[in-house]
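What follows is the residue order along each chain.
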Amino acid sequence: MKKTKEMTVSISDLCKNYGTINASSHISLNAYRGEIIALLGPNGAGKSTLMNMVAGFLAPSSGKIEVMGKDIALFPIEAKQNIGFLPEGSPLYPDLSVKMFLNYMAELRGESKKAVQNVAAIANIKEVMEQKIETLSKGYLRRVGFAQSLLGNPPILLLDEPTDGLDPNQKDYMRRLIKQMSEDKTIMISTHLLEEAETLATRIVLLDKGSIKADGNLKQILQKANATDLASAFRQLTAKEA
């Protein structure tokens, strides 16, 4: 008997408006454990807006988000406990050391210092634990932000541009790590890198101007666009500016 996939996130008719600008327009999708979903689209497509709404950092204008069966508007604490979030730019506390920051975030999540050591090892940041965050390179900032998203071992990871600022070796390590962790998690990444969506994601959600233009695995996206590669599909399915 085929095992039913566990739904972890349900998004229904989600809209976010800033005056006359529709940052998200009637978005509906379900996410399941074991999936790596790439939110792909041009700049301003609404990728970060959608991710921030799912994380509970931004309230939608209308629509509904459920996280592990909990409406995030009605049960925000219970819903957010299931989410690890790496936001765009990863805003951190610049005057704290990496260790102090991670200890603080662990305390907020009810985690021990042992958990901090574990996520530091996973993110490969042990050598900068005593450094102030303001002294770190962009690559290390992303990895520290990634480490904090792992605290509490949440079943859902939302990673906004997770490989931004990483060198090729670090990108390869991060992508292998994401694949490995996806076995028992739902991982949603926002990216503008076609190769990342193509090689890492089990599912691609192509966004443009706040709307979903395509949703499926790579083969389905290519079929929808009648294209032979993702770059061609991307151009055909999104509004290309002159």
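Remember, predicted model here, so these are calculated numbers, not experimental data.

Undergrad: Which residues make up the sheet that holds strand β2 (residues 21–32), and what values do they have?
TA: Spatially, the 4 strands line up as an open sheet ordered β2-β1-β4-β5, and their pairing is antiparallel. Since the sheet does not close on itself, it has two edges, and those belong to β2 and β5 (70–71), each with one partner. Where strand β1 (residues 7–18) meets strand β4 (residues 62–67), 5 bridges bridge the pair, whose relative direction is antiparallel. Directly across from I11, in β4, lies its bridge partner I65. Its contacts with the sheet put helix α1 (residues 47–54) on β1, β2 and β4, and the angle it makes with β1 is roughly 120 degrees.

Undergrad: Give a detailed account of the pattern of salt bridges, specifying residues and quantitative values.
TA: Charged atoms that come close allow side chains of opposite charge to pair. Taken as a whole, this structure holds 9 salt bridges when the rule is applied. The salt bridge involving R203 is made with D215; its shortest N-O contact spans 2.8 Å. Of this pair, R203 sits in strand β9 (residues 203–208) while D215 sits in strand β10 (residues 211–216), placing them 12 residues apart in sequence. You can call R203 buried: its relative accessible area is 12%. Overlapping salt bridges, with partners in common, bring together E35, R203 and D215 in one network.

Undergrad: Before we move on, could you go through the side chain of T191 and cite the residues and values that matter?
TA: If you trace the backbone, T191 turns up in strand β8 (residues 186–191). Residue class for T191 comes out buried when judged on its relative accessible area of 0%. One polar contact links the side chain of T191 to the main-chain amide nitrogen of L193, over a distance of 2.9 Å. Ignoring sequence-local partners within four residues, the contact set of T191 consists of A38, L39, L40, G41, K47, E161, E196 and A197.

Undergrad: Lay out the nonpolar core in plain terms, naming residues and giving numbers.
TA: Counting residues in each nonpolar core, the largest one holds 49 residues, and the members touching the most others are V98, L102, I125, F146 and L159. Residue contributions to this core peak at 5 residues, all from helix α5 (residues 138–150). Leave out the neighbours within four places in its chain, and I125 touches V98, L102, A120, Y140, R143, V144 and A147. By size, the runner-up hydrophobic cluster in this structure holds 25 residues, among which are I27, V67, A79 and M188.

Rules used in this analysis
- Residues numbered from 1 in each chain as written.
- Predicted model: local features only at pLDDT ≥ 70, side-chain atom pairs only at ≥ 80, totals over all residues.
- Heavy atoms only, no water.
- Pairing = 2+ DSSP bridges.
- Helix = DSSP H or I, 4+ residues; strand = E, 2+ residues; numbered from the N terminus.
- Contact = heavy atoms within 4.5 Å.
- Axes fitted to C-alpha atoms, helices over the stretch in contact; angles between N-to-C directions.
- Salt bridge = Lys/Arg side-chain N within 4 Å of Asp/Glu carboxyl O.
- Buried < 20%, exposed > 50% of the residue type's maximum accessible area, 1.4 Å probe, protein only.
- Polar contact = N/O pair within 3.5 Å; in protein donor to acceptor, adjacent residues only side chain to side chain.
- Core = buried A, V, L, I, M, F, W, Y, C linked by side-chain atoms within 4.5 Å.

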